[in-house]
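# Structural characterization, general
Listed below, chain by chain, are the residues.
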Amino acid sequence: MQRFTAVIRTAPALRVARVPRAMVAAGQIRSMSSAHDEEDFDSFNARYTKFFEECEDVFELQRGLNNSFSYDLVPSPETVTSALKAARRINDYATAVRVFEGLKQKVENKTQYQAYVDELAPIRKELGIELPEELVL
């Protein structure tokens, strides 16, 4: 037991990196978030709609869905439609159903979710996608 305490006592303490004041004053420290431009809702939807239209495998589809749902907004019905078509094109029914689970978590209330469900009803019928609530497990 004494051997372990000796090792612990002799371990160097972690140090916090300090930035010299001269570097701060000279502007040599770069802010990582200032390099990104704000993206408006229309360009966001156009970018992800195009992404899902060109999607070729499950990994790309799920990566695109994770990225699009990580933003602080809900994708438009057109973007969701292209994601659903991509899911069925690459034969991934489970991801198509999970899109609706993501929408349900992303919207603010049940009324908004129901509006999405109603607007996407024709594409759901065309592609044969059921809602998570409709699945009998």
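Described below are features of the structure shown in this document. On a predicted model such as this, the values are computed, not experimentally measured, just so you know.

About the thresholds
Residues numbered from 1 in each chain as written. Predicted model: local features only at pLDDT ≥ 70, side-chain atom pairs only at ≥ 80, totals over all residues. Heavy atoms only, no water. Helix = DSSP H or I, 4+ residues; strand = E, 2+ residues; numbered from the N terminus. Buried < 20%, exposed > 50% of the residue type's maximum accessible area, 1.4 Å probe, protein only. Contact = heavy atoms within 4.5 Å. Areas by Shrake-Rupley, 256 points an atom, 1.4 Å probe, with all protein chains shown as cover. Expected span 1.5 Å × (residues − 1). Axes fitted to C-alpha atoms, helices over the stretch in contact; angles between N-to-C directions. Parallel < 35°, antiparallel > 145°, perpendicular 65-115°, else oblique. Left-handed = near helix turned anticlockwise from the far one by under 90°. 1 Å grid on protein atoms, 1.4 Å probe; cavity = no way out; pocket = protein on both sides within 12 Å on 5 of 7 lines; lining within 4 Å. Points joined across faces, edges and corners; volume = space filled by probe spheres on them. Nonpolar A, V, L, I, M, F, W, Y, C, P; charged D, E, K, R; others polar.

Next up on the list: the overall build of the chain. A tally of helices and strands in the chain yields 8 helices and 0 strands. Ordered by position in the sequence, the α and β elements of the chain form the string α-α-α-α-α-α-α-α. Counting every position in the chain, which comprises 137 residues, the buried fraction comes to 30%. For the chain, contacts bridging at least 24 residues in sequence account for 66% of all contacts bridging at least 6. Carbon together with sulfur atoms contributes 53% to the accessible area of the chain, which is approximately 10500 Å² in total.

For helix H3 (residues 41–53), which comprises 13 residues, the first-to-last C-alpha distance of 18 Å matches the rise-based estimate of 18 Å (1.5 Å per residue) to within 8%. Looking at the buried residues of H3, the elements they touch are helix H4 (58–70) and helix H5 (77–89).

Two measures define how a pair of helices packs: the angle their axes make with one another and the distance between the axes. For the pair H3 and H4, the least separation of the axes is 10 Å and the interaxial angle reads 165°. By the angle class used here, H3 and H4 are roughly antiparallel. Like other packed secondary-structure pairs, H3 and H4 cross with a definite hand, here left-handed. Residues Phe44, Tyr48, Phe51 and Phe52 of H3 form the contact with H4, whose own contacting residues are Glu60, Leu61, Arg63, Gly64, Leu65, Asn67 and Ser68.

All right, on to the layout of surface pockets then. In this approach the atoms are scanned with a rolling probe the size of a water molecule, which exposes any empty space left behind. When its volume is computed, the largest pocket comes out at roughly 210 Å³. Those elements that place two or more of their residues in the lining of the largest pocket are H4 and helix H6 (93–106). Broken down by element, the residue count for the lining of the largest pocket peaks at 5 residues, all from H6. Considering only residue class, the lining of the largest pocket consists of 3 nonpolar, 4 polar and 2 charged.

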